[in-house]
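Chain by chain, the residues:
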Amino acid sequence: QVQLVESGGGLVQPGGSLRLSCAASGSIFSINRMGWYRQAPGKERELVAHITSGGSTNYADSVKGRFTISRDNAKNTVYLEMNSLKPEDTAVYYCKINLYVTGMDYWGKGTLVTVSS
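Let us look at the structure shown here. (Residues numbered from 1 in each chain as written. Predicted model: local features only at pLDDT ≥ 70, side-chain atom pairs only at ≥ 80, totals over all residues. Heavy atoms only, no water.)

With respect to the helices, strands and loops of the structure, Ile 69 is situated in strand 7 (residues 67-72). Judged by its relative accessible area of 4%, Ile 69 falls in the buried class. Each C-alpha atom of the pair Ile 69 and Ser 56 lies 9.9 Å from the other, and the pair is 13 residues apart in sequence. With residues up to four places along the chain from it excluded, the contact list for Ile 69 reads Met 34, Gly 35, Trp 36, Ala 49, His 50, Ile 51, Thr 57, Tyr 59, Val 78, Tyr 79 and Leu 80. (Helix = DSSP H or I, 4+ residues; strand = E, 2+ residues; numbered from the N terminus. Buried < 20%, exposed > 50% of the residue type's maximum accessible area, 1.4 Å probe, protein only. Contact = heavy atoms within 4.5 Å.)

As structure tokens, then:
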């Protein structure tokens, strides 16, 4: 069993910042990629950013320069630092991990981020 627990979502004004965390536990052994996705109302889930075990990162064009993904391998945790937030960033944010041993993906339950004045 693998469990992912996300935290850090909430209501923030435009231009504000939030930091999301996602901690993995259970039968993990070794995590390959870790990433954040989001799904806005009426839209499909989309990739926000991901990071490899070696620290290579990839971002959606819409968040480049504003969001930063990082990971703490000792804590099996991935973070998403979000700055200069815009109303269009409003969505449920999900973390996803990919395991080396099984190649399987696991998803968190999501955390809501609302950007509004």
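Note on placement: Asn 98 falls in strand 9 (residues 91-99). Residue classification places Asn 98 among the buried positions, given a relative accessible area of 8%. One polar contact links the side chain of Asn 98 to the main-chain carbonyl oxygen of Gly 103, over a distance of 3.1 Å. In terms of polar contacts, Asn 98 uses its side chain to reach the side chain of Asp 105, at 2.8 Å. For Asn 98, the contacting residues outside a window of four places in its chain are Ile 31, Asn 32, Arg 33, Gly 103, Met 104 and Asp 105. (Polar contact = N/O pair within 3.5 Å; in protein donor to acceptor, adjacent residues only side chain to side chain.)

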